[in-house]
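Fold and contact review
Below, each chain spelled out in residue letters.
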Amino acid sequence: MFDIVAKRNWFFLFSAIITIPGLIFILLTPITNGAAGLKFSIDYTGGTEWSIRFEDPNVQADEVRAELVRLGQDQATVTRTGRGFFDIRMTGLDLREVPQPTAVPIASASPEPSGTPEPVGPAPTVAPTPTPSPSPTPGPSGSPEPLPSAAPGGGGAIPTTGEIGRIATGLQERFGPIAEQAKLSSIGAVVSSELIQQAIVLILIGSIGILLWIWLRFRDPKFGVTALVALLHDVVVVVGFFAILGTFFDVKIDGLFVTAMLTVIGFSVHDTIVVFDRVRENRARHVGEPFAEIVNHSILQTFGRSITTSFTVALTLTALFLFGGSATQEFVLALLLGIISGTYSSIFNAAPLLVVWQEWEDRRRGREVRPGPRRATA
């Protein structure tokens, strides 16, 4: 029989190896003021995010950045992706279209000349005049100028009004037409700060609720605390991995990341509860046996179920990550990492930690009983 509990120090060492680098990069986020560590999307920082592709494939990111600075966006960042798109982040811009003045509609009936008597009797029936379709307005050269149309790729029409329209016009004058627009969104600083507060509150409430429920369910605080420690391990693994990706590959955390983390928290605790529930059953059946042997037996009983469940979910997420498109890749990657880490921590961290705590309590109680009389006689 494989003794997992006896080899717990090796598993603790492996957990330290995979969590400490990520934790370092997480701490680098405030130290470097965002230059390293976690990279946040405009969902949390506020600003305008614009993804475009020029018809000219030779345009470089530093050239676009220099042109944006000339157009007044000193804090703009430009990153070129593998598909030829430029991901541009700027200060928050108002993307609402400026209303254009409209002509006052002319009355359908023309006024009668003065002095002409108004006819008496029913008015003759007049067939409605068809409304002419809007024709293109001639441009400066006299040739008709085409009406604005939606850009290919589902990103909407290239903006032509407001501040963003001025920037788009300046870029096209410098680098030629924009062939495709993949994304254009803007979020204010107030909304982004509210999203950060909501994300923190959601994670804190979820963690405290899990701790209290497991404590009440097993009537022992050790079960709740060790489950929370394993949960913290999974959170650090996922967030730390994204901090490393953000440092070296500019991968950003968006609103879906919080959803992924809450899902990971639920899955991790679910797997831990399965192991703990079997520990409680075996503890009642095998009274008098060492607690370490009971826990190890319980882990082996649930091992196959945990691995099979996680493996099937991981297969689905891997297929979704590889073939599901770029819009959900970060979300799926966070889920995949969290589920793998949650399965590992439930088996190799939470249950062995429970043994360490129980054995420490047993030793402490033994020391308190034996030296007690000597301290009293002194």
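Anything mentioned here points back to the structure above.
Note that the structure is a prediction, hence the values are computed from the model and not measured.

1. Here's the deal with the packing of helix α7 (residues 255–285) against helix α8 (residues 291–323)
- Running from N to C, α7 and α8 point in directions that differ by 140°, and their axes come no closer than 8 Å. Considering the angle they form, α7 stands oblique to α8. Here α7 runs over α8; the crossing is right-handed. Contact with α7, carried on its side by Phe267, Asp271, Val274, Val275, Arg278, Val279, Asn282 and Arg283, involves Phe291, Ile294, Val295, His297, Ser298, Ile299, Gln301, Thr302, Arg305, Ser306 and Ser310 of α8 and no other residues of that element.
- Of the residues contributing to the contact of α7 with α8, the split by class is eight nonpolar, seven polar and four charged.

2. Re the sheet that holds strand β3 (residues 77–80)
- What the four strands build is an open sheet, ordered β3-β4-β2-β7; its pairing is antiparallel. Each of the sheet's edge strands pairs with one partner strand only, and the pair in question is β3 and β7 (178–187). When strand polarity is set aside, the average angle formed by the axes of neighbouring strands in this sheet is 15°.
- Pairing analysis gives eight bridges linking strand β2 (residues 47–54) to β7, with the strands arranged antiparallel. When the sheet's bridge partners are listed, Gly47 is paired in β7 with Ile187.

3. As for the side chain of Arg89
- Mapped onto the secondary structure, Arg89 falls in strand β4 (residues 86–90).
- Here Arg89 is buried and forms no salt bridge, its nearest opposite-charge partner Glu49 lying at an N-O distance of 4.2 Å.
- Those residues in contact with Arg89, other than ones at most four positions away along the chain, are Phe40, Ser41, Ile42, Thr45, Thr48, Glu49, Gln75, Ala76, Thr77 and Lys252.

4. What to know about a negative patch on the surface
- A cluster of acidic side chains, namely Glu55, Asp56, Asp62 and Glu63, defines a negative patch on the protein surface.
- Mapped onto the fold, Asp62 is located in helix α3 (residues 61–70).
- By relative accessible area, which is 55% here, Asp62 ends up exposed.

5. Some thoughts on the pairing of β3
- One ladder, built from four bridges, connects β3 with β4; its direction is antiparallel. Opposite Arg80, over in β4, you have Phe86 as the bridge partner.
- Linking β3 to β4, which pair antiparallel, is a turn of five residues; within it Gly84 sits at a positive phi near 90°.

Reading guide: rules and limits
Residues numbered from 1 in each chain as written. Predicted model: local features only at pLDDT ≥ 70, side-chain atom pairs only at ≥ 80, totals over all residues. Heavy atoms only, no water. Axes fitted to C-alpha atoms, helices over the stretch in contact; angles between N-to-C directions. Helix = DSSP H or I, 4+ residues; strand = E, 2+ residues; numbered from the N terminus. Parallel < 35°, antiparallel > 145°, perpendicular 65-115°, else oblique. Left-handed = near helix turned anticlockwise from the far one by under 90°. Contact = heavy atoms within 4.5 Å. Nonpolar A, V, L, I, M, F, W, Y, C, P; charged D, E, K, R; others polar. Pairing = 2+ DSSP bridges. Buried < 20%, exposed > 50% of the residue type's maximum accessible area, 1.4 Å probe, protein only. Lys, Arg positive; Asp, Glu negative; His and termini not counted. Salt bridge = Lys/Arg side-chain N within 4 Å of Asp/Glu carboxyl O. Patch = residues over 30% accessible without salt bridge, like charges linked within 9 Å, V, L, I, M, F, W, Y side chains within 5 Å. Areas by Shrake-Rupley, 256 points an atom, 1.4 Å probe, with all protein chains shown as cover. Charge placed at Lys NZ, Arg CZ, Asp CG, Glu CD.

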